[in-house]
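# Descriptive analysis of the structure
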Amino acid sequence: MTNIEKHQRMANAIRFLSMDAVQKANSGHPGLPMGAADIATILFTKFMKFDPTRPNWPDRDRFVLSAGHGSMLLYSALYLLGYPDIDIEEIRNFRQLGAKTAGHPEYGHAAGIETTTGPLGQGIANAVGMAMAERKLNDEYGSDIVDHYTWCLAGDGCLMEGISQEAISLAGHMKLNKLILFWDNNNISIDGPISLSDSTDQVARFEASKWHTISIDGHNPDEISNAIKEAQSSDAPTLIACKTTIGFGSPNKAGTNGVHGAPLGDAEIAKTRKALGWKAEPFEIPSEILDSWRLAGLRSKSERNKWEKRLNGLETDIKCEFERRIRGDIPKRFDKDIHAYKKQLIEDAPTLATRKASQAALEVVNGALIETIGGSADLTGSNNTNTSQTLPITPDDFSGRFIHYGIREHAMAAAMNGMALHGGLIPYSGGFMIFSDYCRPSIRLAALMGIRVIHVLTHDSIGLGEDGPTHQPVEQLASLRAIPNLNVMRPADATETAECWQIAIESENMPSALALTRQNLAPQRHEYEKFNLCSRGAYEIAAADDDPVVTIFASGSEVELAIEAKAMLDADGHPTRVVSVPSFELFEKQDREYQSGTIGNTPARIAIEAGIKQGWERFIGNDGTFIGMSGFGASGPYKELYEHFGITAEAAVEAAKEILSSNTPQDD
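Residues numbered from 1 in each chain as written. Predicted model: local features only at pLDDT ≥ 70, side-chain atom pairs only at ≥ 80, totals over all residues. Heavy atoms only, no water.

### Here's the deal with the packing of helix 2 (residues 31–47) against helix 9 (residues 221–232)
Between helix 2 and helix 9, whose axes approach to 10 Å, the crossing angle comes to 55°. Between helix 2 and helix 9, the angle falls in the class oblique. Relative to helix 9, helix 2 is oriented so that their crossing is right-handed. For the pair helix 2 and helix 9, the contacting residues are Asp38, Ile39, Ile42, Leu43, Lys46 and Phe47 in the first and Pro221, Ile224, Ser225, Ile228, Lys229 and Gln232 in the second. (Axes fitted to C-alpha atoms, helices over the stretch in contact; angles between N-to-C directions. Helix = DSSP H or I, 4+ residues; strand = E, 2+ residues; numbered from the N terminus. Parallel < 35°, antiparallel > 145°, perpendicular 65-115°, else oblique. Left-handed = near helix turned anticlockwise from the far one by under 90°. Contact = heavy atoms within 4.5 Å.)

Pasting the structure below:
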């Protein structure tokens, strides 16, 4: 039985740190931490496996606060447990510029923050990915090395977001029994009672998705403990539906939306102190309560020591491989294998769609790296993300390396984030580029967190043909390029595709998106170059025979058109150079001298891309000509579509000649 008085005082430490920090910041969400404090206290002090002195211990339990607006719940717990990154000054500086205690938890700010949350529902899918990673690595290394739980705390809003259904149905199907989700069922959103907008039977919904469910009083410590024990013995993921009161303890605001997203106010905090018998001043924790929390923080230290002994007892090569994967380092053989493959491509000169070239490059990648884990949103045969090494993962067999995500693009992208955050795996997945819009919130968060996930986005333009404008990306490339710290790469042939895969794999601190064609492309690189030219972002792929007067910039499938236009212009006495532009982002990382030399100063500058113009001004300036799309596509064979929309080599030639003609001095 729980010592109720001690438990309440420990839980109240979370409540008052949270309400005092929100009050000092004059901004924040005190209601969730006050309502979920009992859950957090039992979980962190009695069940979770972690060690604040070694916060990145690979076999620690993971905790995801999907309801990220309740961030003070997490920050309070980390401070109370003794995590060095969160001291009392960080609590005082909640939501202040430069503080580790941001408005919503941000990965990388402090140890113990396992993921960035705030956009509701994302954390649930992150937790699903973490649980999948645990299960996969457990299959590889055994329970002596990988054996931990993933815990998630979600609110009503998280469960309303569509991503939650994608995530929970995937988790139920995959039988992720070491995933335990607490639903903070407080029946309140910002607008008021949940009944204003929703009447879903959430427990029935989880049960329909093959979850084990338990319903409890979220303020009863014994019910919380018993529910956790029951969940840990389940053969399915578990929902613990915790009936709570938002803003618990507040005499006038508990149970109302008034405590959801605003400070309580000094007067109400004073009344809450009296109601809960809390006599300590703001940001002060009585020593006996803090000591109890700190002792709880050290509870798993001996277990970590035993784990380290087991790790050190492994065969040297297995131990080193595990540690390398957790660090995120790439094996030395990868670079050698990629160079050998590039040499082979120059010899073979294959004409391939870049989606097929990607599959061929992946055969090399997956052969060199055992940590890659692929997948597709029910488009495996179209995205070509499977290789000979990637047998499917099934609910009862995690020995494979390929996940059939089903038609769940949003959860797929967020689960990949969870896998990358867990460590030990490099996730990649496939989808149509048009459906990157479904993935966008998760891609943005990956970029914000600076994590290595790779999105293979095929059917990247009107070149996909007959499926028509609903499936033809027009604005998606520009939209993805607008996301900071996302490397968007659109290769022109098989060699560029291999180089883009190399860049993606070696980019440890940023996600990548590969835009790939459905239609076949002829090889454009004809000589082996050891240096990765695509890493420059843009480079001269075809030089002029004389002083150039025309520069044509292009990406992906349109490089082929640029080369054709160059041949015509050269024949007409207009020396032309072609610059392949696989990545705007990588080009911006080059020094100014390289950028200026690559862009050049020819009188005529043309850009060709089967998408919208946005971003190409960087290369052609305001006076250059863009050949691409200005509206949506149409249904028809792709070659006819290129003609219909004027994306042709002839159009580039005509544009160049017009510019050159206008720049030619006229005789008097």
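### Some remarks on the sheet that holds strand 13 (residues 487–489)
Across the sheet, which stays open at both edges, the six strands sit in the order 10-9-11-12-14-13 with parallel pairing between neighbours. At either end of the open sheet lies a strand with only one pairing partner, and these are strand 10 (402–404) and strand 13. Between one strand axis and the next, the sheet turns through 20° on average, direction left out of account. Here strand 11 (residues 426–432) runs beside strand 12 (residues 454–458); their pairing, made up of five bridges, is parallel. Each bridged residue has a counterpart across the sheet, and for Phe432 the counterpart in strand 12 is Thr458. (Pairing = 2+ DSSP bridges.)

### Thoughts on the nonpolar core
Counting 125 residues, the largest nonpolar core has Ile91 and Ile240 as its most contacted members. Other than its neighbours up to four places away in sequence, Ile91 contacts Leu17, Ala21, Met72, Tyr75, Ser76, Tyr79, Ile86, Thr101 and Phe283. Residues Ala361, Ala492, Ala542 and Leu561 belong to the second largest nonpolar core, which totals 59 residues. (Core = buried A, V, L, I, M, F, W, Y, C linked by side-chain atoms within 4.5 Å. Buried < 20%, exposed > 50% of the residue type's maximum accessible area, 1.4 Å probe, protein only.)

### So, the side chain of Asn384
Tracing the backbone through its elements, the reader meets Asn384 in the loop between helix 16 (380–383) and strand 10. For Asn384, a relative accessible area of 5% translates into the label buried.

### Some thoughts on the pairing of strand 19 (residues 604–608)
Within strand 19, four of the five residues are buried, which leaves it mostly tucked inside the rest of the structure. The pairing of strand 17 (residues 550–554) with strand 19 spans five bridges and is classified as parallel. Looking across to strand 19, one finds that Val550 is bridged to Ala604.

### A short note on the environment of Met160
When you line up the elements, Met160 lands in helix 6 (residues 156–160). For Met160, the residues in contact, after removing those within four places along its chain, are Ile194, Ser197 and Asp198.

### Concerning the sheet that holds strand 2 (residues 150–155)
Strand pairing in a sheet is mediated by backbone hydrogen bonds. Such pairs are either parallel or antiparallel. With respect to topology, five strands assemble into an open sheet ordered 1-2-3-7-6, the strand pairing being parallel. If you trace the sheet from one side to the other, it starts and ends with strand 1 (62–65) and strand 6 (212–217), each paired once. Averaged over all pairs of adjacent strands, the angle between their axes in this sheet comes to 20°, without regard to strand direction. The sheet contact formed by strand 3 (residues 179–185) and strand 7 (residues 238–243) spans six bridges and is parallel. Counterpart to Asn185 in the pairing with strand 7 is Lys243. Strands in contact with helix 9 are strand 2, strand 3, strand 6 and strand 7; relative to strand 6, the strand with the most contacts, it is inclined by about 170°.

### Quick look at the environment of Gly423
With respect to the helices and strands, the residue Gly423 is situated in the loop between helix 17 (409–422) and strand 11. A C-alpha to C-alpha distance of 9.2 Å links Gly423 and Glu134, two positions 289 residues apart in sequence. Ignoring any residue separated from it by four or fewer positions in sequence, one finds Gly423 in contact with Leu137 and Ile326.

### Quick notes on the packing of helix 1 (residues 4–25) against helix 2
The geometry of helix 1 relative to helix 2 is characterised by a closest axis approach of 8 Å and an angle of 130° between their N-to-C directions. Put simply, helix 1 runs oblique to helix 2. Along this stretch, helix 1 crosses helix 2, giving a crossing that reads as right-handed. On helix 2, the residues touching His7, Met10, Ala11, Ile14, Arg15, Ser18 and Met19 of helix 1 are Pro33, Met34, Ala37, Asp38, Ala40, Thr41, Ile42 and Thr45. Residue classes in the contact of helix 1 with helix 2 are distributed as nine nonpolar, four polar and two charged. (Nonpolar A, V, L, I, M, F, W, Y, C, P; charged D, E, K, R; others polar.)

### Some remarks on unusual backbone geometry
Although it is not a glycine, Phe283 adopts a positive phi angle of roughly 70°. Note on placement: Phe283 falls in the loop between helix 10 (266–276) and helix 11 (287–297).

### Examining the pairing of strand 14 (residues 512–515)
Judged by which residues are buried, strand 14 turns out to be covered on both faces: Ser512 and Leu514 on one side and Ala513 and Ala515 on the other are all buried. Pairing of strand 12 with strand 14 involves four bridges; the strand directions are parallel. Note on strand 14: the bridge partner recorded for Leu457 is Ala515. Here three bridges tie strand 13 to strand 14, and the two strands are oriented parallel to one another. Bridging from a neighbouring strand, Met489 pairs with Leu514 of strand 14. Taking the sense of rotation as the criterion, the β-α-β connection linking strand 13, helix 20 (residues 494–506) and strand 14 turns out right-handed. (Right-handed = clockwise from strand over helix to strand, strands pointing away.)

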